[in-house]
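# Summary of the model geometry
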Amino acid sequence: MNRYNAALNKIGGYVEKFDVVIIGAGASGLFCGTNAAYRGRKVLVLDHANKAGKKILMSGGGRCNFTNMDASPKHFLCHNPHFCISALKRYTPSDFVELVDRHALDYVEKTPGQLFCKDSAKDLLSILLTELEWSGAELRLNTSVKSIDWQEQGAKLTINQNNTQTDIQCESLVIATGGLSIPSMGATGFGYEIAKQVGHSVYPTRASLVPITAQPDRKAQLAELSGVACDIEATAGGTVFKEPMLFTHRGVSGPAILQITNFWQPGEPLKIHIAPELTLESLVKTREEQPKKTVENYLANELPKRLVELMRTELTWLSQKFAQVSNEQLESLVHYLSNFDVAPNGTEGYRTAEVTLGGVDTNEVSSKTFESQKQKGLYFIGEVLDVTGWLGGYNFQWAWASGFAAAQFV
C-alpha cells in the first residue's frame, strides 16, 4: 500500500479488499493461500511473526518430516473421528510428494512411510514460499490483527503492520493460527479466541507429542542416564507404541514417549516395558545355555550399559551367575523390565510440545469446505481444529489436506 493509501486509511477513507484473508503463515496457511490463489482468488496471508513457517524450520530436527505415506484417519485423534476422512482422501501424501518432486526436493524415508528433507527444512519452506509467490497470493509478516467485524458480505479486519494501521475487507477469512505449542515460535491462542467469539465450542487443550517429566527423586536417578536410548513398549489408555525411549535430564522422551502423550495425561496409569523380547522363557533358556555367565554381563549385551548399572543398584543379585539365580529372581527381573518405573510427574508442556491436543469442535465445521457452521465466511484449518495426528509426519499431512480442501471453497 502506498503512502497516499496509508494516509487515507488513517482517516477512514481507504479499505483494501481481498477475496480471501488467511491468518497464519504456517504449513496450512501457506498451502491454503497458494491453492486458493491458483483458483484465481485474490489472497492475503498474514502473520504476526517476522518469518513464515517457523515451526516448519525447526520440525524434525531441522529436516521436517513433511508427510507419512501411510497417513489415514486412524492416525488422528478427534472427538468426531469421521471429520478428517474427506480431506485426507482429497489430498493424499502422494499428492504432496508429486509437488515436492516437481521442485526436485531431495528427501529420505526413515522408518517406513516417514519422509524427511534430506538436507534442511529450509528447502521445503522455500518450495512453499515459491508456490505462494507463483500463485499471486500476497504475504505480510510482522502484522497483527487488532479487530474483526463481521459484515453481510464477509469480514472487515483492522490490522497493524510496522505501526501502520490498515482496514481490510474479505469475503472469506481463514484461521490457520495453529495451537499453543512452542510459544517461543510465536504460538498463541488467537484462533481459539476468534472461534469462541462467534459461538464455537473449543475442546480443552493440552500439550502433546511432548517429553514426560519424572518426579524429583526418580528424576535425579534417571538424569544419570541422560542420552541413553532403548526399545520399549509404552501403554496408556489401551493404546500401545513399540518404539525407542530416550532418557533426558528431566525424565523420558523419544518416539514411544511422545506418541503415548496423545493418549496419556498426568495422574493416569502409564506402563513402560523395557526390552519386551526379554521374557521369562528366554531368560530360563539363557540360564540353561550359559550358566556361568553373570546376569549383568548378559543384560549388558541386550541393554545400554548405563541402564544395566542403574538396574544393578535396584536388583543387587544381577552380579550373580545364571546358575545361581532362581526362577523367582528371573521373574522379578521380568517384572522390573515390564513395569519400569519412570515415576511420571507431568510433561514439559507447550514449551517443547510438537502439537496441541484439543481445539475447535469439528462438529461445528464442515468436513467438506472447512467453513464454520456458526459464522458464514469463516474457515478453520490445521492444528487450531480438534484434530491431532500421531508422531511421524501425520500432522503436516493434515496441514496440507485441510489447507487444500478449504482452498477449493474460500
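Structural data are supplied above this passage.
Residues numbered from 1 in each chain as written. Predicted model: local features only at pLDDT ≥ 70, side-chain atom pairs only at ≥ 80, totals over all residues. Heavy atoms only, no water.

## What about the overall build of the protein?
Each helix and strand in the protein was counted, giving 14 helices and 20 strands. Each principal axis of the C-alpha atoms in the protein carries an extent, and together these give about 90 × 40 × 35 Å. For the protein, with 410 residues in total, the buried portion stands at 54%. Across the protein, contacts joining residues at least 24 apart in sequence account for 72% of those joining residues at least 6 apart. Surface summary for the protein: the accessible area is close to 18100 Å², and the carbon and sulfur share equals 47%. Looking at charge distribution, the protein has the averaged site of its 39 positive side-chain charges lying 4 Å from that of its 43 negative ones. (Helix = DSSP H or I, 4+ residues; strand = E, 2+ residues; numbered from the N terminus. Buried < 20%, exposed > 50% of the residue type's maximum accessible area, 1.4 Å probe, protein only. Contact = heavy atoms within 4.5 Å. Areas by Shrake-Rupley, 256 points an atom, 1.4 Å probe, with all protein chains shown as cover. Lys, Arg positive; Asp, Glu negative; His and termini not counted. Charge placed at Lys NZ, Arg CZ, Asp CG, Glu CD.)

## With respect to the environment of Gly 154
Topologically, Gly 154 is positioned in strand β9 (residues 154–161). Filtering out sequence-adjacent residues up to four positions away, Gly 154 remains in contact with Asp 149, Cys 170 and Glu 171.

## A word on the sheet that holds strand β6 (residues 114–117)
In spatial order, the strands read β3-β6-β5; together these three strands make up an open sheet with antiparallel pairing. Of all strands in the sheet, those bounded by a partner on one side alone are β3 (65–68) and β5 (107–109). When the angles between neighbouring strand axes are averaged without regard to direction, this sheet yields 25°. Across three bridges, β3 lies against β6 in antiparallel orientation. By the bridge assignment, Thr 67 is partnered in β6 with Leu 115. (Pairing = 2+ DSSP bridges. Axes fitted to C-alpha atoms, helices over the stretch in contact; angles between N-to-C directions.)

## Examining the packing of aromatic side chains
One pass over the structure, following the stated rule, counts 19 aromatic pairs. Ring geometry for Phe 66 versus Phe 96: centroids 5.9 Å apart, planes at 50°, classification tilted. Of this pair, Phe 66 sits in strand β3 while Phe 96 sits in helix α5 (residues 93–102), and the two are 30 residues apart along the sequence. Connected via pairs of aromatic rings, a cluster forms that spans Phe 31, Phe 66, Tyr 91, Phe 96, Tyr 107, Phe 396, Trp 400 and Phe 404. (Phe/Tyr/Trp six-rings, centres within 6.5 Å; stacked < 30°, edge-to-face > 60°.)

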